[in-house]
Amino acid sequence: MSNNLCDIAVLGMAVMGKNLALNIADNDYKVAIYNRTTSKAIAAAEENPEQNLSVFVTLEELVANLKRPRKLLLMVKAGAAVDKLIESLLPLLDEDDIIMDGGNSHFQDTQRRFEELQQHDIQYLGVGVSGGEEGARRGPAIMPGGSKAAYDAVADIFEAISAKVNDNEACEAYMGSGGAGHYVKMVHNGIEYADMEIIAEIYSLLKANGYSNLEIADVFENWDRGDLSSYLSEITVDILREKDLENPEDDLLDDIESQVGAEYRAVGADNESEFLLDHILDISEQKGTGKWTNQEGLELHVDLSILYSGLNARYMSAEKTLRVQASEILPAGVDAENALGKPNIDIEELGNAFLLARLIAYAQGFALYKSASKAYGWDLDYKSIAATFRGGCIIRSKLLVPIMEAYDKNPDLDNLLLADNFEAAISQGITALRKLVSTASLAGVAIPAFSSALAYYDSLRAARSQANMISAQRDYFGAHTYRRTDRDGVYHHEWNDET
Ligand code: ATR
């Protein structure tokens with residue numbers, strides 16, 4: 001009888017749930033599947049008859065057909081759906097059964113659920129999963145957090161289904177208790193926003209400089225052979241080369257009216273272009289994890305300026321109508337003699353600035369991990385986080401290897417930029433970054449991520465900042481006091497005292 005029981009249940013057969021279920025089944029686990037709307041679960045099983053998937057219609061039947069401790073992976077819409085499903089499952093489960101949430105839940109929800117379920121002796125894991133549809137199917141990066149005992153019980157499954165690097169190093173690791181797994185995934189997405197924005201800015205700079213899409217693709221392809229190798233660069237090459245053919249495989253998903261009037265949509269676009277990219281509306285959307293990361297930066301007082309610039313760029317992109325109007329009103333102030341509206345670009349220097357900006361994005365994300373680890377008592381292992389990011393996930397890049405080495409040498413490193421592994425990247429990149437920011441600025445091309453990277457770098461290396469002025473101003477208008485450089489104590493000065 002027990003031989004027929006399933007090893008694990010996956011609840012939620014939308015894209016990610018279905019692909020993870022298939023991935024688990026590929027690895028010789030017997031997988032029970034369930035979906036609120038049963039037809040989707042039946043369709044998933046019918047589309048994959050060769051896989052070991054058993055469909056269950058009710059939660060009762062599902063739970064009754066699982067080996068103990070039962071392992072249930074929820075892949076449903078983040079938010080209320082997760083709470084509702086947990087509530088329905090609770091009366092059906094026994095002590096030490098394991099509920100896992102593999103969706104994009106906010107880490108605070110995960111922390112709360114972890115604590116609530118502890119009271120019921122149910123083991124809970126919040127599992128960050130990165131890699132999108134293809135990653136879920138072929139090998140994602142997996143960031144589980146919560147009950148360590150639960151992790152130990154499911155580690156073999158995570159190891160089997162995760163992405164592998166260097167032949168067989170699995171891109172999965174236990175991140176810490178409570179909401180640590182979802183936190184690590186959230187910040188991953190914040191870094192992803194920054195890296196995507198950096199790449200988009202390079203595209204914009206090269207375009208402003210007269211490069212064609214194919215030439216820009218060649219630049220990224222060349223970089224990708226060296227230290228700048230990354231998944232996001234790889235897909236950028238493909239995107240730049242994609243022609244705008246009438247493609248029968250392209251689906252019109254929703255016939256919704258755009259919020260941007262037709263008269264504004266194509267402004268500034270190359271409407272004759274043969275490339276798909278040139279016909280894609282310049283508005284980027286987001287699902288919230290990038291915003292959450294930045295909110296955490298604000299909460300924990302960590303400068304995430306480059307991550308924030310990635311988020312802001314998306315917000316500003318949404319203001320298409322306003323931007324078109326402003327483009328007709330606001331002068332560029334570009335000095336035609338010096339800059340001719342065209343940034344002066346040296347490709348090798350641009351590559352060096354790219355690597356440094358990417359490093360700074362990681363440095364900010366990992367600085368947030370360090371603060372969070374302390375604030376939430378997680379004992380995060382930064383080397384292990386970097387190792388997990390090496391495969392399967394969207395920000396996988398060659399730069400993660402020296403990042404791992406840096407944390408291997410000093411697990412307590414205060415800031416990645418201070419690790420000697422990056423001396424060469426910094427010395428080659430910093431002058432290039434300065435030149436890039438100034439030439440873009442003189443040409444009137446916005447590169448907020450690069451500009452933030454440079455401002456962060458210079459702020460970080462300022463042994464004496466301008467904050468003495470801020471302190472003096474606060475004391476002046478609000479008697480908020482200040483401290484002195486030459487002696488201990490807290491002081492107030494009567495700034496207005498005329499006597
Ligand atoms: P998508 O990822 O396609 O946008 P979604 O609305 O995020 O879809 O939902 C993802 C999964 O969560 C689906 O399996 C959905 O079940 P249905 O197919 O029945 O819609 C599931 N889901 C959403 N709300 C749920 C709830 N309250 N209880 C159980 N499952 C739920």
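Novice: Would you take a moment to explain the packing of helix α15 (residues 347-376) against helix α19 (residues 448-460) for this structure?
Specialist: Think of two packed helices as two axes; the pair is described by the angle between the axes and how far apart they sit. α19 packs onto α15 with a crossing angle of 70 degrees between their chain directions and a minimal axis gap of 10 Å. It follows from the interaxial angle that α15 and α19 lie roughly perpendicular. Every pair of crossing elements has a handedness; the one defined by α15 and α19 is left-handed. When α15 is examined against α19, the residues Ala353, Phe354, Ala357, Ile360 and Gln364 are found in contact with a partner set consisting of Phe450, Ala453, Tyr456 and Tyr457. Among the residues forming the contact of α15 with α19, the class breakdown is 8 nonpolar, 1 polar and no charged.

Novice: How do you make sense of unusual backbone geometry when you look at a structure like this?
Specialist: Outside of glycine, negative phi angles account for most residues, and trans bonds account for most peptide bonds. Between Arg68 and the following residue, Pro69, the backbone shows a cis peptide bond with an omega angle of -10 degrees. Note on placement: Pro69 falls in the loop between α3 (59-64) and β4 (71-74). Although it is not a glycine, Asn166 adopts a positive phi angle of roughly 45 degrees. Taking relative accessible area as the criterion, Asn166 reaches 54% and is therefore assigned exposed.

Novice: Sorry, what's going on with the sheet that holds strand β3 (residues 53-55) here?
Specialist: Hydrogen bonds between backbone atoms are what pair the strands of a sheet, whose relative direction is either parallel or antiparallel. Pairing is mixed across the open sheet formed by 7 strands, whose spatial order is β3-β2-β1-β4-β5-β6-β7. The sheet is open, and its two borders are formed by β3 and β7 (141-146), each paired with just one other strand. Averaged over all neighbouring strand pairs, the angle between strand axes comes to 25 degrees, with direction disregarded. Where strand β1 (residues 8-11) and strand β2 (residues 31-34) come together, 4 bridges link them in parallel fashion. Bridge pairing in β2 places Ile8 opposite Val31. Helix α5 (residues 107-119) rests against β5 (98-101), β6 (123-130) and β7 of the sheet, and its axis sits at about 155 degrees to β6. Along the sheet face, helix α7 (residues 148-161) touches β1, β4, β5, β6 and β7 and points at about 30 degrees away from the line of β6.

Criteria and thresholds
- Residues numbered from 1 in each chain as written.
- Predicted model: local features only at pLDDT ≥ 70, side-chain atom pairs only at ≥ 80, totals over all residues.
- Heavy atoms only, no water.
- Axes fitted to C-alpha atoms, helices over the stretch in contact; angles between N-to-C directions.
- Helix = DSSP H or I, 4+ residues; strand = E, 2+ residues; numbered from the N terminus.
- Parallel < 35°, antiparallel > 145°, perpendicular 65-115°, else oblique.
- Left-handed = near helix turned anticlockwise from the far one by under 90°.
- Contact = heavy atoms within 4.5 Å.
- Nonpolar A, V, L, I, M, F, W, Y, C, P; charged D, E, K, R; others polar.
- Buried < 20%, exposed > 50% of the residue type's maximum accessible area, 1.4 Å probe, protein only.
- Pairing = 2+ DSSP bridges.

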